[in-house]
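Take a look at the letters that make up each chain.
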Amino acid sequence: MRRRWFPLGLPLILFACAPVEPPVPIVQVDAGTVTAQAPVPDAETAPPTESAQALRSAWQATAPEPADDGGVTHATAPALLGVVEASEDAGSALSLEPSLSQSASVGADPEALPGEEEPQVITESEVPVLELGPDGEPLIDAEDSASDDSTAMGTETLAQDLDGGSAPGSSAVAVGSDPTDPATTPITGVDGEEDVVAEAPLTEADAGMEPYAIPYSPDAGSLRVRRSIAVRSEPRQDSPPLGTVAQDMRVRWKGAMRGPDCETWVEIEPRGWVCERYLEQNFREPRVRPLPRVEEGALTPGIYARVVGHRVRAYPSLALARKKRQGVLLKGSVTVKLLGQVKVGRRTFWRTSDGQYFEARVLREHRPSEFSGLDAEALASLPMPFAWAQSRTAPRTDVVVRKAPDARAERETVLPPRTLVSVRELSPDGQWVRIAEDHWVARDDLHVAWSLASPSIVEPGARWLDVDLEAQTLIAYEGDRPVYATLISSGKPGTDTPEGLFRIWVKFAEADMTGRMGSASYRVATVPWTMFFEGDFALHTAYWHDRFGEPVSHGCINLAPKDARALYGWTTPEVPTGWSMAHATPEDPGTWVRIRGQAREEPKKRRKSAPVVATVRDL
């Protein structure tokens, strides 16, 4: 059964920031949705390493008992080469939300994503108006839409990327199928005309041929990629893919060889081989663009909207949309990426990145979260451990700070959600945390970031990720030094994120997801900055909610757009500029990802307070 995502409505949550009297001097840190406040560390208050370790031991000793289901425990990731080879045979199992193949919960909204919030009416001024041509259809310059200004550049489906790509505008293919059969394949070029690319069949004579170098010195400034195509590790079709270079990129070449299934294999920069039939000489200088393309100041590579209403139809052209003819009836939950708008009289139509047209009245916009984590500079100014103050039972409400570790103690102040605080002392029963002198916060209202040693399998100084499911936090390390920390949304109980040690095995600039959950079908438009670490489990952007710090997904690790973008560029395998995806290889292995703990939705009932017997400096 194929599995996939479904669209979530995600308005930006605006937290009411009540006046807060800081207990100690503060520094301002950009934590995303709200302004975070963190006590300034000093020699007296910042806990030494030994004290922090003792505090963590006390924290673990007083942790609530895990749920009966125990989460989902996976073994250590297999050897990297085995993972890469297995990905080619992933078949229909590959999707972003692995647990969507399970039956939907009784009473759940069959057309809602985990954590979905109410979508917003689209602000027309935010989407460009498309100019109409003489035929009444929008004018879209092919080169601009492919490589300069289009947010759709590099938007291939997961299935297309795994199989080496397919011609733009073609229908999605099943994962594991081969889009390059011996038949002739039409390809749309920058001039809007179809280039005919003859697929050379593999002959028996060719099959035993060893590649050999040939002279190659085209009279050109660059080579234009005529279609999104797989880049091979060796000059032969059956060699492992390194990734996919996007259509209309202009690349440099290093040399050429004649191989068994292509007259001329061209070695392109920075690495890999592409058959010359997918390249054409271009007089202009090489040019590649980062993927996905994001406008300056934007959070995501475009505007996303959920289709709402009953018996909604998608139309292949503006003329047919105006006449309401030949529309395709949509079923299930559908999220689209908007390219532009067209006004016809009093009616407004929206064109999507895949060329479909909808009336504006059936679309509601997803508003991506502006939350972001802390970079290395911000982390250097904070004591470890620290925490985000955010209630697990009421995440959008202010967090109460009391004068003593007792629910009946006098209230000292309140903190806006996601305020940064120090973790300085733990009450003996483990239910209260002192964040400053006479300032206590309930344990369940904190998401603590601990600085931990790297797993023994990670090479000294190497980059790796630590995901704490109980705290709903992620910390990126270089060796034992934290360089990034943020809140996440992992799988909720019942659709757990797997625990274990894994490696990122493939990364996608954007991935379209389609599939089913029970009897309901889903289609989610291009999900940017996606990093698969275990089969079809991935770290990826969630542009449809702002519930980071809460376990709401169907197994994947949801990240705010700013965090996903930062981690996509920081982790390995490196995705070369102009490529829409990249596989991990023995030469460029994926970043290690350690996932531990168990997510929980409801905290244990708090115990009554107990006298403090030790402070963090005493431990």
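Quick notes on the rules
Residues numbered from 1 in each chain as written. Predicted model: local features only at pLDDT ≥ 70, side-chain atom pairs only at ≥ 80, totals over all residues. Heavy atoms only, no water. Helix = DSSP H or I, 4+ residues; strand = E, 2+ residues; numbered from the N terminus. Contact = heavy atoms within 4.5 Å. Disulfide = S-S within 2.5 Å. Buried < 20%, exposed > 50% of the residue type's maximum accessible area, 1.4 Å probe, protein only. Core = buried A, V, L, I, M, F, W, Y, C linked by side-chain atoms within 4.5 Å. Pairing = 2+ DSSP bridges. Polar contact = N/O pair within 3.5 Å; in protein donor to acceptor, adjacent residues only side chain to side chain. Phe/Tyr/Trp six-rings, centres within 6.5 Å; stacked < 30°, edge-to-face > 60°. Axes fitted to C-alpha atoms, helices over the stretch in contact; angles between N-to-C directions. Salt bridge = Lys/Arg side-chain N within 4 Å of Asp/Glu carboxyl O.

Examining the overall build of the protein
Then, number 1: From N to C terminus, the protein includes eight helices and 41 strands.
Then, number 2: Partitioning the intrachain contacts of the protein with sequence separation of at least 6 by distance along the chain shows that 73% fall at a separation of at least 24.

Re the state of the cysteines
Then, number 1: By the definition in use, this model includes one disulfide.
Then, number 2: Between the sulfur atoms of Cys262 and its disulfide partner Cys275 the distance amounts to 2.0 Å. Disulfide Cys262-Cys275: the torsion about the S-S bond is 85 degrees, which places it as right-handed. Pair noted here: Cys262 is in the loop between β12 (253-258) and β13 (265-268) and Cys275 is in strand β14 (residues 273-275), with a separation of 13 residues, a long-range link. Comparing Cys262 with Cys275 shows no difference in burial state: the two are buried.

Concerning the nonpolar core
As a rule of thumb, nonpolar side chains are buried together in soluble globular proteins.
Then, number 1: If you look at the biggest cluster of nonpolar residues, it comprises 53 residues, and the most contacted ones within it are Leu374, Phe386, Trp388 and Leu446.
Then, number 2: Excluding its chain neighbours within four sequence positions, the residues that come into contact with Leu446 are Ala387, Trp388, Ala389, Gln390, Arg392, Val421, Val433 and Val441.
Then, number 3: Leu223, Phe537, Leu539 and Ala564 belong to the second-largest nonpolar core, a separate cluster that totals 51 residues.

Description of the sheet that holds strand β11 (residues 250-251)
Then, number 1: In spatial order, the strands read β11-β8-β15; together these three strands make up an open sheet with antiparallel pairing. Unpaired on one side and paired on the other, β11 and β15 (279-282) mark the two borders of the sheet.
Then, number 2: When strand β8 (residues 222-225) meets β11, the two strands line up antiparallel, connected through two bridges. Of the residues in β11, the one forming a bridge with Arg224 is Arg250.

Concerning the side chain of Asp466
Then, number 1: In this structure, Asp466 sits in strand β32 (residues 463-468).
Then, number 2: By relative accessible area, which is 2% here, Asp466 ends up buried.
Then, number 3: There is a polar contact of 2.8 Å between the side chain of Asp466 and the side chain of Arg594.
Then, number 4: With sequence-adjacent residues up to four places away left out, Asp466 is seen in contact with Leu452, Thr473, Leu474, Ile475, Tyr477, Arg594 and Arg596.

Let's talk about the packing of aromatic side chains
Then, number 1: Summed over all chains, the structure comprises 10 aromatic pairs.
Then, number 2: Ring centres 3.8 Å apart and planes at 10 degrees place the aromatic pair Tyr304 and Tyr543 in the stacked group. Taken as a pair, Tyr304 in strand β16 (residues 303-307) and Tyr543 in the loop between β38 (537-541) and β39 (557-559) lie far apart in primary sequence, 239 residues in all.
Then, number 3: Assessed through its relative accessible area of 1%, Tyr304 is described here as buried.

Thoughts on the sheet that holds strand β31 (residues 446-449)
Then, number 1: Strand order in this open sheet of three strands is β27-β24-β31, and the pairing throughout is antiparallel. The open sheet has two edge strands with one neighbour each: β27 (419-422) and β31. With direction set aside, neighbouring strand axes in the sheet form an average angle of 30 degrees.
Then, number 2: With four bridges connecting them, strand β24 (residues 386-389) and β27 associate as antiparallel partners. By the bridge assignment, Phe386 is partnered in β27 with Ser422.

Quick notes on the pattern of salt bridges
Then, number 1: Summed over the entire model, instances satisfying the criterion amount to 23 salt bridges.
Then, number 2: For Arg236, the salt bridge is made with Asp238, and the minimal N-O distance between the two is 3.0 Å.
Then, number 3: Residue Arg236 is classed as buried on the basis of its relative accessible area of 16%.
Then, number 4: The class of Asp238 is exposed, set by a relative accessible area of 60%.
Then, number 5: Ionic contacts of the salt-bridge type, sharing partners, join the residues Lys324, Arg347, Glu359 and Arg361 into one network.

So, the pairing of strand β41 (residues 592-596)
Look at any regular strand and the pattern is simple: side chains alternate between the two faces of the sheet.
Then, number 1: Burial runs high along β41: five of the five residues are buried.
Then, number 2: Two strands pair when backbone bridges link them, and β32 and β41 are joined in this way by five bridges, in the parallel orientation. Residue pairing in the sheet places Leu465 in a bridge with Val593 of β41.
Then, number 3: By the bridge criterion, four bridges tie strand β35 (residues 498-503) to β41 in an arrangement that is antiparallel. Note on β41: the bridge partner recorded for Gly500 is Ile595.

Concerning the pairing of β12
Then, number 1: With two bridges connecting them, strand β7 (residues 212-213) and β12 associate as antiparallel partners. Each bridged residue has a counterpart across the sheet, and for Ala213 the counterpart in β12 is Met257.
Then, number 2: Here β12 runs beside β13; their pairing, made up of four bridges, is antiparallel. Opposite Gly255, over in β13, you have Glu267 as the bridge partner.
Then, number 3: What sits between β12 and β13 in their antiparallel hairpin is a turn of six residues.

Here's the deal with unusual backbone geometry
Then, number 1: Going from Glu269 to Pro270, the amide bond is cis rather than trans, its omega being 5 degrees.
Then, number 2: Looking at where Pro270 falls in the secondary structure, it is placed in the loop between β13 and β14.
Then, number 3: For the bond running from Leu291 to Pro292, omega is -5 degrees, close enough to zero to count as cis.
Then, number 4: For Pro292, the location among the structural elements is in the loop between β15 and β16.
Then, number 5: Even without glycine at this site, Asp248 takes up a positive phi of about 70 degrees.
Then, number 6: Assignment of secondary structure puts Asp248 in the loop between β10 (241-245) and β11.
Then, number 7: On the accessibility criterion, Asp248 (3% relative accessible area) is buried.
Then, number 8: Here Gln326, not a glycine, exhibits a phi torsion of approximately 60 degrees, which is positive.

Digging into the environment of Pro316
Then, number 1: Residue position: Pro316 is located in the loop between β17 (313-314) and α6 (318-323).
Then, number 2: For the pair formed by Pro316 and Gly355, sequence separation is 39 residues and the distance between their alpha carbons is 6.7 Å.
Then, number 3: Filtering out sequence-adjacent residues up to four positions away, Pro316 remains in contact with Gln326, Gly355 and Tyr357.

So, the environment of Gly491
Then, number 1: Checked against the element boundaries, Gly491 lands in the loop between β34 (481-487) and β35.
Then, number 2: The exposure class assigned to Gly491 is buried, which follows from its relative accessible area of 1%.
Then, number 3: Remark: the alpha-carbon pair of Gly491 and Ala599, spanning 108 residues in sequence, is separated by 7.4 Å.
Then, number 4: Filtering out sequence-adjacent residues up to four positions away, Gly491 remains in contact with Asp496, Thr497, Pro551, Ser553, Gly555, Cys556 and Ala599.

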